[in-house]
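What the coordinates show
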Amino acid sequence: MLDNIKDAVKKFLGNSSYDKAVEEFIKDLQKALITSDVKVSLVLSLSNNIKQRLAKEKSPSAIERKEWFISIVYEELSKFFGGDRAPNVLPSKLPYVIMMVGVQGSGKTTTTAKMAYFYKKKGYKVGLVAADTYRPAAYDQLVQLGKQIQVPVFGDPSSKDAVGISLKGKEEFLSQKFEVIIIDTAGRHGYGEETSLLEEMQSIYDAVKPDDVILVIDASIGQKAYDLASKFHKVAPIGSIVITKMDGTAKGGGALSAVAATGAQIKFIGTGEKVNELEVFDPRRFVSRLLGMGDINTIIEKMKEVEDYEDLQKKMEDVIEGKGKLTLRDIYRQFVALRKMGPLSKILQHIPGMGVNLPSPSEDQVKLGEDKIKKFMAAMNSMTYKELDNPSIIDRSRIRRIAEGSGLTAEDVRELMRQYEATNKMLKTLKKRKKDLEKMFGNIE
């Protein structure tokens, strides 16, 4: 499902022309989503959001444009499949009763067992209730699955009273101090039978008063998932979704995006037939896999570091304007932010006044710069907050103490102090030049 998106990312990153690559990627993304049965209007909305952000926002100076673009795609796709809402799958209280509903053929009974296995592995005492009185083999299937995962099943194959079985099963397990009770209710024959499904769901809900009602949707129904999830989401007092069969259907993208569009929360996705093939649905992790980039979090982390760097740049501007004072703490934060943003050969050129502002640094110069930065940071790690915020108090005895604490020489610490003074001097020069230019040409924005 949606495998073409990985190919589109590879193609984009390998294209030498940025503007052309962006245009082609958006077309490839649209094609991949539409062929995966995602609604055309949703696809157009997604691509328009990406284009609007490209037009309105500016690529940070300290990050590659292609990485910036991929981060935008990542963020918009994550919103598209449910956003930042990490589902809370663990019980909010104990005991915790879950009621499973879904149309027949959605994989509801298998999913019920998968969820029981999931909670058992988390250390909870789990019980299953077989309340599907319509499908002849439902009870036997759940009993077999229960034996497989070693979870007890309550049921009465001779009774057709789904409400009574649900209530008795709950009471039986509560009396035995079970912590998680999962009730497997009857499904209906397919899409279009939701009314009777919801009516029975309401009757069982009123009797059992479950803590969570979970709708199981087969990914193969694609865009129709929107109608099913919408009807469920309006009726269920408490509701979340499990989407099954995400391992082999081309319509999985359609089901996921359709459910996300309803605002209903997707808690789990089924990725196979085995009892352990159920995973918590995390939109960002899912999108990361879609993009075929295991290191997408590194790119996002880099974007955060860029934000930190830009905050520091703003501090430098304030210092130039005379609105603040540059401290060693500021310089330390700048080192931390910059070192996380990419190759040192690029980073060194962003550090003002540190004596390593090299147009095209050689490998030896880069190594020298790296060693110097490590020494400077080690020295600053040995300083007190008072010394970092007010470097002027650092005298000979303090230099000696800082050197001993950091494993450096006193000369290493003095070099840091000279660089700090040089940076302040440079900023004063910039401030004076700015004032001179303003006198000649008026305010400079």
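Scoring rules and cut-offs
- Residues numbered from 1 in each chain as written.
- Predicted model: local features only at pLDDT ≥ 70, side-chain atom pairs only at ≥ 80, totals over all residues.
- Heavy atoms only, no water.
- Helix = DSSP H or I, 4+ residues; strand = E, 2+ residues; numbered from the N terminus.
- Contact = heavy atoms within 4.5 Å.
- Areas by Shrake-Rupley, 256 points an atom, 1.4 Å probe, with all protein chains shown as cover.
- Buried < 20%, exposed > 50% of the residue type's maximum accessible area, 1.4 Å probe, protein only.
- Pairing = 2+ DSSP bridges.
- Phe/Tyr/Trp six-rings, centres within 6.5 Å; stacked < 30°, edge-to-face > 60°.
- Lys NZ or Arg CZ within 6 Å of the ring centre and 35° of its normal.
- Axes fitted to C-alpha atoms, helices over the stretch in contact; angles between N-to-C directions.
- Parallel < 35°, antiparallel > 145°, perpendicular 65-115°, else oblique.
- Left-handed = near helix turned anticlockwise from the far one by under 90°.
- Nonpolar A, V, L, I, M, F, W, Y, C, P; charged D, E, K, R; others polar.
- pLDDT = per-residue confidence, 0-100.
- Patch = residues over 30% accessible without salt bridge, like charges linked within 9 Å, V, L, I, M, F, W, Y side chains within 5 Å.
- Salt bridge = Lys/Arg side-chain N within 4 Å of Asp/Glu carboxyl O.

**Things to note about the overall build of the protein**
The number of helices and strands found in the protein is 18 helices and eight strands. Taking contacts inside the protein between residues at least 6 apart in sequence as the whole, the part at least 24 apart equals 73%. About 22,000 Å² of surface is accessible on the protein, with carbon and sulfur atoms providing 50% of the total.

**What about the pairing of strand β4 (residues 180–185)?**
Within β4, six of the six residues are buried, leaving the element largely enclosed by the surrounding structure. Strand direction decides the pairing type here: strand β1 (residues 96–102) and β4, joined by five bridges, are parallel. Among the inter-strand pairings, Met100 is bridged to a residue of β4, identified as Asp184.

**Things to note about the packing of aromatic side chains**
Geometry of an aromatic ring pair is reported as the spacing of the ring centres plus the angle between the planes. One pass over the structure, following the stated rule, counts five aromatic pairs. Aromatic rings pair up to connect Phe118, Tyr119, Tyr124 and Phe268 into one cluster. Lys125 extends its terminal NZ or CZ atom over the ring of Phe178, reaching a point 4.5 Å from the ring centre.

**Digging into the sheet that holds β1**
Pairing within the open sheet is mixed, and its eight strands lie in the order β3-β2-β4-β1-β5-β6-β7-β8. The open sheet terminates on both sides in strands that have one partner only, identified here as β3 (153–155) and β8 (278–280). Pairs of neighbouring strands in the sheet enclose a mean axial angle of 25°, with direction left out of account. Direction of pairing for strand β5 (residues 212–218) relative to strand β6 (residues 240–244): parallel, over a ladder of five bridges. Within β6, the position partnered with Leu215 by the bridge is Ile241. With respect to the sheet, helix α5 (residues 108–121) is in contact with β1, β2 (126–131), β4, β5, β6, β7 (266–270) and β8, its orientation differing from that of β4 by roughly 175°. Against the sheet, helix α7 (residues 162–175) contacts β1, β2, β3 and β4, and its axis sits at roughly 165° relative to β2.

**Brief notes about the packing of helix α4 (residues 65–80) against helix α11 (residues 283–290)**
Two elements in contact, α4 and α11, have axes separated by 9 Å at closest approach and are oriented at 125°. Between α4 and α11, the angle falls in the class oblique. α4 and α11 meet at a crossing whose hand is right-handed. Of α11, the residues touching α4 (which contributes Tyr74, Glu75, Leu77 and Ser78) are Pro283, Arg284, Val287 and Ser288. Here the contact of α4 with α11 is composed, by residue class, of four nonpolar, two polar and two charged.

**Topic: the confidence of the model for the protein**
Across the protein, the average pLDDT comes to 75, with 72% of residues at 70 or higher. The model gives residues 436–445 a pLDDT under 50, and that stretch makes five contacts with residues more than four places away or in other chains.

**As for the pairing of β2**
For β2, the tally of buried residues reaches six of six residues, placing the bulk of the element in the interior. Neither face of β2 is exposed, since Val126, Leu128 and Ala130 on one face and Gly127, Val129 and Ala131 on the opposite face are all buried. Both β2 and β4 contribute to a ladder of six bridges, which runs parallel. Each bridged residue has a counterpart across the sheet, and for Gly127 the counterpart in β4 is Ile181.

**What to know about the packing of helix α2 (residues 18–35) against α4**
Put simply, α2 and α4 touch, their axes get as near as 11 Å, and they point 20° apart. Taken together, the axes of α2 and α4 lie roughly parallel to each other. The way α2 lies across α4 gives a crossing that is right-handed. Where α2 approaches α4, its residues Tyr18, Asp19, Val22, Phe25, Ile26 and Leu29 are matched on the opposing element by Arg65, Lys66, Trp68, Phe69, Val73 and Leu77. Of the residues in the contact of α2 with α4, the class split is nine nonpolar, no polar and three charged.

**Quick look at unusual backbone geometry**
In this structure, Pro95 follows Leu94 across a cis peptide bond, with omega equal to -5°. For Pro95, the position within the fold is in the loop between α4 and β1. Positive phi values are uncommon outside glycine, yet Lys177 reaches one of about 65°. In this structure, Lys177 sits in the loop between α7 and β4.

**What to know about a nonpolar patch on the surface**
A contiguous nonpolar patch, built from Ile34, Val40 and Leu44 and spanning about 240 Å² of accessible area, is present on the exposed surface. Its location among the elements puts Ile34 in helix α2. Given the relative accessible area of 39%, Ile34 is considered partly exposed.

**A look at the pattern of salt bridges**
Inspection of the entire model under this criterion finds 13 salt bridges. Between Arg53 and Glu75 there is a salt bridge, with the nearest N and O atoms lying 2.8 Å from each other. One end of the pair, Arg53, is in helix α3 (residues 40–56); the other, Glu75, is in helix α4, and 22 residues separate them in sequence. Among the residues examined, Arg53 registers a relative accessible area of 16% and is labelled buried. Relative accessible area serves as the criterion here: at 23%, Glu75 is assigned to the partly exposed category. A salt bridge links Glu76 to Arg53, with the shortest nitrogen-to-oxygen separation between them at 3.1 Å. One end of the pair, Glu76, is in helix α4; the other, Arg53, is in helix α3, with 23 residues separating them in the sequence. Each member of the pair, Glu76 as well as Arg53, carries the same accessibility label: buried.

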